[in-house]
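This is what each chain is made of:
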Amino acid sequence: MRPIPRHVLVPVDGSLHSMHAVAYAGRLASSVGARLTVLYVVLATSSEAMGMRGLERADIDAKLHAAAAPVFARADAQLDTVADLSTHGEVVRFGQPAAEIITAVGQLDVDLIVMGSRGLSPLKELLLGSVSEKVLRRAACPVMVVR
Amino acid sequence: MPSQPLQPKPRHLLVPFDGTDISLAAVDLASTLAKALVANLTIMHVVQDRSLTGSSLDEADDGLRLARIEALARPVLAKAFARLADLDTGVRAGEFIAVGEPADEVLQAIDDLNVDLLVLWRTKHSALGELFFGSTSDDLLDRAPCPVVVLK
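Described in the following lines is the structure provided in the data block. (Residues numbered from 1 in each chain as written. Chains lettered and ligands numbered in written order. Predicted model: local features only at pLDDT ≥ 70, side-chain atom pairs only at ≥ 80, totals over all residues. Heavy atoms only, no water.)

1. Some points on the sheet that holds strand β3 (residues 89-95) of chain A
Sheets are built from strands paired through backbone hydrogen bonds, the pairs being either parallel or antiparallel.
Stage number 1. Ordered in space as β3(A)-β2(A)-β1(A)-β4(A)-β5(A)-β5(B)-β4(B)-β1(B)-β2(B)-β3(B), the 10 strands form an open sheet in which the pairing is mixed. Single-partner strands in this sheet number two, and they are β3 of chain A together with β3 (94-99) of chain B. Direction aside, the axes of adjacent strands within the sheet are offset by 25° on average.
Stage number 2. Taken together, the 4 bridges between strand β4 (residues 112-116) of chain A and strand β5 (residues 143-146) of chain A define a ladder with parallel strand orientation. Looking across to β5(A), one finds that Ile113(A) is bridged to Val143(A). (Pairing = 2+ DSSP bridges. Helix = DSSP H or I, 4+ residues; strand = E, 2+ residues; numbered from the N terminus. Axes fitted to C-alpha atoms, helices over the stretch in contact; angles between N-to-C directions.)

Right, here's the structure in full:
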């Protein structure tokens, strides 16, 4: 384990909790001098995904980025207010959120995940959302849960 | 957009410590984060001996009880502070000893010490003698009022 995080990943789903996580992750990354990447996963079950059947790869990518754009715009607004955060990356994936987050950790060489305690899940009684719970169980790196 | 203002950076980190290897790794993470964030760090040990909780009207009894708590906690905390010295980050941590059920005591300490980042860990298996296995971690993740970072 590298004790000081060099690359922080913050998965977002557009929820208020995830936007708080972006703000928190931005400040943390800036404080420790780490890179920050915002990840949005277009759900395999979403309407955007349904419309992608049979499309060319480039068209699928364009649709994924179009689906992610409003969420990234909100994340950008959060990060604009963070001093000393030079740039941040934005990555969009398609599939099951927890699985895509776990995969991204390995591919992007992430050493800290910062995420909201719960996202858009309608199960209000669960304090820790199911995606956060899965990521906590399966991620190879430390996971920070922000509420 | 969130209606609340941006959350500030963590100012006071708390890391519960039980002497296991993974809890030593948590001290590593907590101290490097505390250094980078210029935050305070407190290392906490919870003595889980129910017979040592509460207080007695007899002052001599109370003295013995506190001595017993110290005798149990000191060697464990010494391990954490030795690690901190080895890391040589220059971070000076405070220590905190509590007696009781770990999750409850950690929550109380968060409140008492104004902790705004809790550093925890999760083990895959709860070996005998490990005080902070999965259920304590899960419990704290659900109940902690502050952000929690979980080491694997």
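2. Section: unusual backbone geometry
All names here are of chain B.
Stage number 1. One non-glycine residue with positive phi stands out, namely Val38, at about 50°.
Stage number 2. Locating Val38 in the fold gives a position in the loop between α1 (21-37) and β2 (40-47).
Stage number 3. According to the relative accessible area criterion, Val38 is exposed, its value standing at 68%. (Buried < 20%, exposed > 50% of the residue type's maximum accessible area, 1.4 Å probe, protein only.)

3. Some words on the environment of Val106(B)
Stage number 1. By the secondary structure assignment, Val106(B) is in helix α3 (residues 102-113).
Stage number 2. Separated by 91 residues in the primary sequence, Val106(B) and Val15(B) place their C-alpha atoms 9.1 Å from one another.

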